[in-house]
Amino acid sequence: MTGKERVKKAFRCEPTDYVPWVPFVGCHGGALLKINAQDYLKSSEFIVKGVREAIRRYRPDGIPVLFDLQVEAEVLGCDLKWASNNPPAVVNHPLSNGTKLEQLQIPAADQGRIKIALDAARQLRHEHPDIALYGLITGPFTLALHLLGTDLFMQMFDESSYIKKLLDFSGQVSQSMSRYYIEAGCDVIAMVDPMTSQIGPQQFAEFVTPCVTRIFESIRQQGALSSFFVCGHAQQNIPVMCGCRPDNISVDENIPLDYVRDECLTKNISFGGNLQLTSVLLLGDEIDAQKNAIACMEVAGQKGFILAPGCDLPYDTPIKNLEAIAPVVRDSYKRQVVMTMAARSDEDDRLNLKEYGQADKVIVDIITLDSEACAPCQYMVDAVKKVVPEFEGIVEWREHKIKYRESIVFMASLMVRNVPTICIDGQITFVSRIPPRDELIAAIQKRINEKFRMRIHQKKASLYVLDGGDEKTAMVRERIAQAVQELGAEVQIETINDPDTIYSYGVTPGQTPAVVMAQYQLKSLKQVPEVVVIKEWLKNI
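Every value quoted in this text rests on a predicted model; they were computed, and no experiment measured them.

**Things to note about the packing of helix H8 (residues 151–158) against helix H9 (residues 160–183)**
And step 1. Here H8 crosses H9 at 125°, and the two axes come no closer than 6 Å. Of the possible angle classes, the one that applies to H8 and H9 is oblique. Touching Leu152, Gln155, Met156 and Asp158 of H8 are Ser160, Tyr162, Ile163 and Leu166, all from H9.
And step 2. Residue composition of the contact of H8 with H9, grouped by class: 5 nonpolar, 2 polar and 1 charged.

**Description of the pairing of strand S4 (residues 132–138)**
And step 1. For S4, a buried count of 7 out of 7 residues is recorded, marking the element as mostly surrounded by other parts of the structure.
And step 2. Judged by which residues are buried, S4 turns out to be covered on both faces: Ala132, Tyr134, Leu136 and Thr138 on one side and Leu133, Gly135 and Ile137 on the other are all buried.
And step 3. Note: strand S1 (residues 62–64) against S4, 3 bridges, orientation parallel. Each residue of the ladder has a partner; that of Ile63, found in S4, is Leu133.
And step 4. Pairing between S4 and strand S5 (residues 188–192): 5 bridges, direction parallel. Bridge pairing in S5 places Gly135 opposite Ile189.

**Quick look at the sheet that holds strand S11 (residues 395–401)**
And step 1. If you walk across this open sheet you meet the 4 strands as S11-S10-S12-S13, and the pairing is mixed. Edge positions in the open sheet fall to S11 and strand S13 (427–431), since each of these has one partner strand only. The mean angle between the axes of side-by-side strands here comes to 25°, regardless of whether they run parallel or antiparallel.
And step 2. Alignment of strand S12 (residues 421–424) against S13, held across 4 bridges, turns out to be antiparallel.

**Comments concerning the side chain of Thr317**
And step 1. Tracing the backbone through its elements, the reader meets Thr317 in the loop between strand S9 (305–309) and helix H15 (319–323).
And step 2. Apart from the residues within four sequence positions on either side, Thr317 is in contact with His28, Leu281, Leu282 and Leu322.

**Digging into the packing of aromatic side chains**
And step 1. Scanning all chains against the criterion turns up 9 aromatic pairs.
And step 2. Note on Phe24 and Tyr134: the rings are 6.1 Å apart at their centroids and 75° apart in plane angle, and the pair reads as edge-to-face. Separated by 110 residues along the polypeptide, Phe24 in the loop between helix H1 (3–11) and helix H2 (28–33) and Tyr134 in strand S4 bring together distant segments of the chain. You'll find Phe24 and Tyr134 in the same group, each marked buried.
And step 3. With 6.1 Å between their ring centres and 40° between their planes, Phe204 and Phe228 make a pair best called tilted. Of the two residues, Phe204 is situated in helix H10 (residues 201–221) and Phe228 in strand S6 (residues 225–229); the sequence distance between them amounts to 24 residues. Each member of the pair, Phe204 as well as Phe228, is classed as buried.
And step 4. Through a chain of ring-to-ring contacts, three or more aromatic side chains come together here, namely Phe11, Phe24, Phe67, Tyr134 and Phe229.
And step 5. Its end group placed over the ring of Tyr18, Arg6 keeps NZ or CZ at 4.0 Å from the ring centre.
And step 6. Here Lys164 stacks its cationic end above the ring of Phe207, 5.6 Å away from the centre of that ring.

**Observations concerning the domain arrangement of the chain**
And step 1. Taken as a whole, the chain is organised into domain 1 (3–330), domain 2 (347–456) and domain 3 (460–520).
And step 2. Computed from C-alpha atoms alone, the centre-to-centre distance between domain 1 and domain 3 is 70 Å.

**Considerations on the side chain of Asn248**
And step 1. Mapped onto the elements of the fold, Asn248 is located in strand S7 (residues 248–250).
And step 2. There is a polar contact of 2.9 Å between the side chain of Asn248 and the side chain of Ser250.
And step 3. A distance of 2.9 Å separates a polar atom in the side chain of Asn248 from a polar atom in the side chain of Ser270.
And step 4. Non-local contacts of Asn248, meaning those with residues more than four positions away in its chain, are made with Phe11, Ser226, Ser227, Phe228, Ile269, Ser270, Phe271, Gly272 and Ile306.

**Observations regarding a nonpolar patch on the surface**
And step 1. A contiguous nonpolar patch, built from Met415, Ile428 and Val431 and spanning about 230 Å² of accessible area, is present on the exposed surface.
And step 2. Mapped onto the fold, Met415 is located in the loop between helix H19 (405–413) and S12.

**As for the state of the cysteines**
And step 1. Counted under the stated rule, the structure contains 0 disulfides.
And step 2. Looking at Cys264, it has no disulfide partner, and the nearest cysteine sulfur is the one in Cys242, 4.0 Å off.
And step 3. The exposure class of Cys264 is buried, given its relative accessible area of 0%.

**A look at unusual backbone geometry**
And step 1. A cis geometry characterises the amide bond from Thr512 onward to Pro513, with omega recorded as 0°.
And step 2. Tracing the backbone through its elements, the reader meets Pro513 in the loop between helix H22 (499–504) and strand S16 (514–521).
And step 3. Positioned with a positive phi, Met415 is a non-glycine residue whose angle comes to about 65°.
And step 4. Note on Met415: relative accessible area 44%, which makes it partly exposed.
And step 5. At Ser432, a position not held by glycine, the phi torsion is positive, near 50°.
And step 6. Examined against the element boundaries, Ser432 turns out to sit in the loop between S13 and helix H20 (437–458).
And step 7. Residue classification places Ser432 among the buried positions, given a relative accessible area of 2%.

Cut-offs and rules
- Residues numbered from 1 in each chain as written.
- Predicted model: local features only at pLDDT ≥ 70, side-chain atom pairs only at ≥ 80, totals over all residues.
- Heavy atoms only, no water.
- Axes fitted to C-alpha atoms, helices over the stretch in contact; angles between N-to-C directions.
- Helix = DSSP H or I, 4+ residues; strand = E, 2+ residues; numbered from the N terminus.
- Parallel < 35°, antiparallel > 145°, perpendicular 65-115°, else oblique.
- Contact = heavy atoms within 4.5 Å.
- Nonpolar A, V, L, I, M, F, W, Y, C, P; charged D, E, K, R; others polar.
- Buried < 20%, exposed > 50% of the residue type's maximum accessible area, 1.4 Å probe, protein only.
- Pairing = 2+ DSSP bridges.
- Phe/Tyr/Trp six-rings, centres within 6.5 Å; stacked < 30°, edge-to-face > 60°.
- Lys NZ or Arg CZ within 6 Å of the ring centre and 35° of its normal.
- Domains from an automatic or database assignment.
- Polar contact = N/O pair within 3.5 Å; in protein donor to acceptor, adjacent residues only side chain to side chain.
- Patch = residues over 30% accessible without salt bridge, like charges linked within 9 Å, V, L, I, M, F, W, Y side chains within 5 Å.
- Areas by Shrake-Rupley, 256 points an atom, 1.4 Å probe, with all protein chains shown as cover.
- Salt bridge = Lys/Arg side-chain N within 4 Å of Asp/Glu carboxyl O.
- Disulfide = S-S within 2.5 Å.

Structure, rendered in structure tokens:
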């Protein structure tokens, strides 16, 4: 049985000799060639060489030609910001900058980098007839967001008819891209629509279902297979995704695989996923990768399942980790060997963050895969960046990209389970949902108010009356006592007569009576605070 036959059988929920393995090689192909992502994604020659090398090393049953959700957006007028180790990111939205929807045209097969992708697909089809080739297209909702920006979410309520027209146009683009890839020889069209994780089932059914159902029907009529690929915390949308009638639904680690299995197989829809991209494939070792693959296969079972990473492989994913997967997919004995090895636990690496968020400033942490490579992450970071100036000097924001080990530890320490997530002063606040501007501002303001009230309760002070023998000292003490009583403040009052101690406060003879106030703020109780926490305290000294 060839890899292509194995993938097709799995898509149809038919028996296979083993679970098909499909690594989603995108810009990682550039790493295999030791060239940067920008050069790789702009050259059909490099794409072919990168995929060819991935096939040689990873022994897949199927593989995508290209993984870049900005190809269509670029042709339609979106400017891109390029990076050396990530796909590009959209940095402007033509429909929010004066362009009319009526001015946009369906891209042709020979425009921009569409031509590059199709040229690569044709050559790879010729070279690898036994591999299932995936043509990846940008889903209509994500493409609409690229074109309009985050105003789309508000306009879904205020101007729903316009958004439906925009999604209809985006759907036509997706349908055309599907046709181009099928004509170039692709077996599977994977519609990748990560931004649908930001809406609920009702909005999905109203805005997304009509256009994507037409796309999948068109793919079916052309004799190809379809996959609906979503990343992020989109579990609530799996049933409505099934209702769109794709041949396959693929998810990332944010969604439990057993849930997807049960939802899909009852409707005779295959499913794929959900190897952990960063904590395992990028930052782990070969054993970690093999254990994760085995765990996915044990949960999913063999019927209708495609083993794949949850999204585009990070550029720097260690080659050895991906090479380790095919052997345990194909050999049950090797699976048994791996499972006898002790599981590694990172529990001891977790930080104690119980005292996190005690600094004077409010800290907004954004846990992302990488805002330069992940559309939902990008738009969540943008949302925070836009509101922080409203709190100048009071709020700081930080992005924690979980492709780095320290960010993985930080994420685990905060008990964050999904990305992207916004935490405010260490408290999980928005999970896999881009908050509207007003809602984000309100959440930050709420924390500011809480912190202000907490400061009032926590702060204690001492007043030192420096007495040089002057008769005014008694009057000063009386007035202090009256002020403390009227305010109900918790203040200790002490009179100091020793000349050396008085001088240590910078007060010389003849300057008394003087009053010195010392403030104390409770920072930690019965804990051994982490260095990162203590540093936050010291910043305010």
